[in-house]
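So you can see what is in the structure, the chains are spelled out below.
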Amino acid sequence: MSRTDVDTAPGNPPPPQDDHAFFGQPRGLLTLSGLEVWERFSFLGMQAILVLYFADAVASGGLGMSAGTAASVSAAYGTLVYLVSVAGGWLADRVLGSYRAVLWGGVLIACGHYSMAVPTATMTWAGLGLISAGTGLLKPNVATMVGKLYRTDDDRRDAGFALYYMAINIGAFAGPLITGWLGDHRGWHWGFSAAAIGMTLGLVQYVLGRRHLAGRENAAESALAPAAMRRAVRLIVVGMIVAAVIATGLALAGWLTMGRFVDLLTLISVIAPVVYFAVMFASPRVTREERGRLKPYIVLFLASTVFNFILFQAYSTMMLLASTNAETTLLGFDFPASWYASALGAFEVALAPVVAALWVRMGRGQPHASNKIAIGVVLGGLSFLLMALPTSGHGGGTYLMSAWWIVGSYLLLGLGDILLETSGMSATTKLAPVAFSSQTMSLWFLSLALANGIQAQTVKLYDDVSQPAYFGVNGAVAVAAGLAVMAAAPWLRRTMHPVH
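Residues numbered from 1 in each chain as written. Predicted model: local features only at pLDDT ≥ 70, side-chain atom pairs only at ≥ 80, totals over all residues. Heavy atoms only, no water.

Caption draft 1: Summary view of the packing of helix α4 (residues 98-116) against helix α7 (residues 188-208). With their axes 7 Å apart at the nearest point, α4 and α7 run at an angle of 160 degrees to one another. Taken together, the axes of α4 and α7 are roughly antiparallel relative to one another. Here the hand of the crossing between α4 and α7 comes out left-handed. Each of S98, Y99, V102, L103, G106, V107, I109, A110, H113, Y114 and M116 in α4 lies in contact with α7, whose residues at this interface are H189, F192, A195, A196, I197, M199, T200, L203, Y206 and V207. Among the residues forming the contact of α4 with α7, the class breakdown is 16 nonpolar, 5 polar and no charged. (Axes fitted to C-alpha atoms, helices over the stretch in contact; angles between N-to-C directions. Helix = DSSP H or I, 4+ residues; strand = E, 2+ residues; numbered from the N terminus. Parallel < 35°, antiparallel > 145°, perpendicular 65-115°, else oblique. Left-handed = near helix turned anticlockwise from the far one by under 90°. Contact = heavy atoms within 4.5 Å. Nonpolar A, V, L, I, M, F, W, Y, C, P; charged D, E, K, R; others polar.)

This is the structure we're talking about:
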């Protein structure tokens, strides 16, 4: 069976008239984009205030962590979220099917946010665990469902992913505005409550729009045989119970501290993609042609890791910097520091349709996907190099920089994110071996886990080195990585067919 057949022959195709019903894109793109609006509203709305909640004094309703520890724990949470996406991709491929994986993932996310709305530390940690599990089910599979709306050679594909990413960033823009205001004026757990309501609304519209989705059949596309499925389910359940018991015992014994847990997640985030690539290269179900396309995908994977190492700090070190050393008044209007996170979403909402229209207009003449990704990495690095300027020349930590510095940094970061993530996700759905379709998207999300894992270690230095050195060195490394990808562009163009 050809790859085109796989992409265009799901078990329950949407109505034929849906193919151009949403701004020239399939109607199912609206349903999936609507889900992502609310999922990102809840996830990034919560994340915009999470590091501030960790760092806030206990007397003010926070957990009283130091800035570096708060950023490290926040990054470790992100690492866990994307590590679980590997299991989410496998469950969709072999057990649940994409539609049900996304549905149950959304349910777990909503339950996690409702748990965090309860003002106790125990419920906070329980909620973060539920959100991690739910996001691991939802994120890789909803992106895969977007890819199934198009033929592999459909020129609308990159534009469709750009519109999908614009929808994601509508949620990314709105979420911090609501949760940030509530967290600042009513308390952190009020902000978490708003995130819970947002995810609930996303689930409702997802179920109502399911008839427009390709591949919404109940069975997984590469389902295990009944006996193997029962055995897999038993192993998963038993494994989760055993892991919980061991973790609880180690924690009670004083060995599994928060710091060691963060270090363990970083170690797993490094090992997991190495093992995953090795399994796919060695699998007899992967053809020689598909194996050849995985080689350039390693370069894209590393580029994504470098860029997202910078991007995710928009919700950690940049939030901490904004809360202590940036003005929170713009054009005479006072706002919570967490609202800076909305600037990133706003820029991506504004720029995504421009980028999508540009790619459609250029058609086959648009830059190769590898060059789009490389430019995105360079822009991410420049966003941090920019922050080295206003943080320089201050003997103490009491200065306040203009809000426009952070806004400018987020402009560069937002444009870079559009270029890299849309091209990266689109390329992933094209380069994925048929036997590992959802799981290869999970591999893309493992690059996000690795980025967070590395961040969980480096942000510990935020309290110990000067701010210009911290932002300058990280930014310079990212720029150098982007230039290296550009230098490899001729080889990438030859080996990434059918990606163009």
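Caption draft 2: Focus on the pattern of salt bridges. Scanning all chains against the criterion turns up 4 salt bridges. A salt bridge links R40 to E39; its shortest N-O distance comes to 2.6 Å. This pair shows no difference in class: R40 is buried, exactly as E39 is. Residue K460 is joined to D263 by a salt bridge in which the shortest nitrogen-to-oxygen separation is 3.0 Å. Residue K460 is located in the loop between α15 (437-458) and α16 (467-487), and its partner D263 is located in helix α9 (residues 258-282); the two are separated by 197 residues in the primary sequence. D263 gets classed as partly exposed once you look at its relative accessible area, which sits at 35%. (Salt bridge = Lys/Arg side-chain N within 4 Å of Asp/Glu carboxyl O. Buried < 20%, exposed > 50% of the residue type's maximum accessible area, 1.4 Å probe, protein only.)

Caption draft 3: Spotlight on the side chain of E36. The residue E36 is located in helix α2 (residues 28-55) in this model. What makes E36 buried here is its relative accessible area of 0%. A polar side-chain atom of E36 sits 3.1 Å from a polar atom in the side chain of K139. Ignoring sequence-local partners within four residues, the contact set of E36 consists of L138, K139, V142, Y164 and I168. (Polar contact = N/O pair within 3.5 Å; in protein donor to acceptor, adjacent residues only side chain to side chain.)

Caption draft 4: Summary view of the packing of helix α10 (residues 288-311) against helix α13 (residues 369-387). The interhelical angle for the contact between α10 and α13, taken along N-to-C directions, is 25 degrees, at an axis separation of 9 Å. It follows from the interaxial angle that α10 and α13 lie roughly parallel. Crossing of α10 over α13 shows left-handed handedness. When α10 is examined against α13, the residues L300, A303, V306, F307 and I310 are found in contact with a partner set consisting of I373, G376, V377, G380, S383 and F384. Within the contact of α10 with α13, the residues separate by chemical class into 8 nonpolar, 3 polar and no charged.

Caption draft 5: Representation of the nonpolar core within the structure. Counting residues in hydrophobic clusters, the biggest one holds 125 residues, and the most contacted among them are M46, Y164, Y206, Y340, I406 and Y410. By residue number, the principal contributor to this core is α2, which donates 13 residues. The contact partners of I406, leaving out residues within four places of it in the chain, are M318, A322, A326, Y340, M387 and M401. (Core = buried A, V, L, I, M, F, W, Y, C linked by side-chain atoms within 4.5 Å.)

Caption draft 6: Here's a closer look at the packing of aromatic side chains. Enumeration according to the criterion identifies 14 aromatic pairs in this entry. Taken together, a centroid distance of 4.9 Å and an interplanar angle of 70 degrees make the contact between F384 and F471 edge-to-face. Placement of F384 in helix α13 and of F471 in helix α16 is noted, with a sequence separation of 87 residues between them. Of the two residues, F384 and F471, neither departs from the other in class, the shared state being buried. Seen from their ring centres, Y470 and F471 are 5.5 Å apart, and the 85 degrees between their planes marks the pair as edge-to-face. Using a relative accessible area of 0% as the deciding quantity, one classes F471 as buried. Through pairs of rings, three or more aromatic residues link up here, namely Y53, F54, W125 and F192. (Phe/Tyr/Trp six-rings, centres within 6.5 Å; stacked < 30°, edge-to-face > 60°.)

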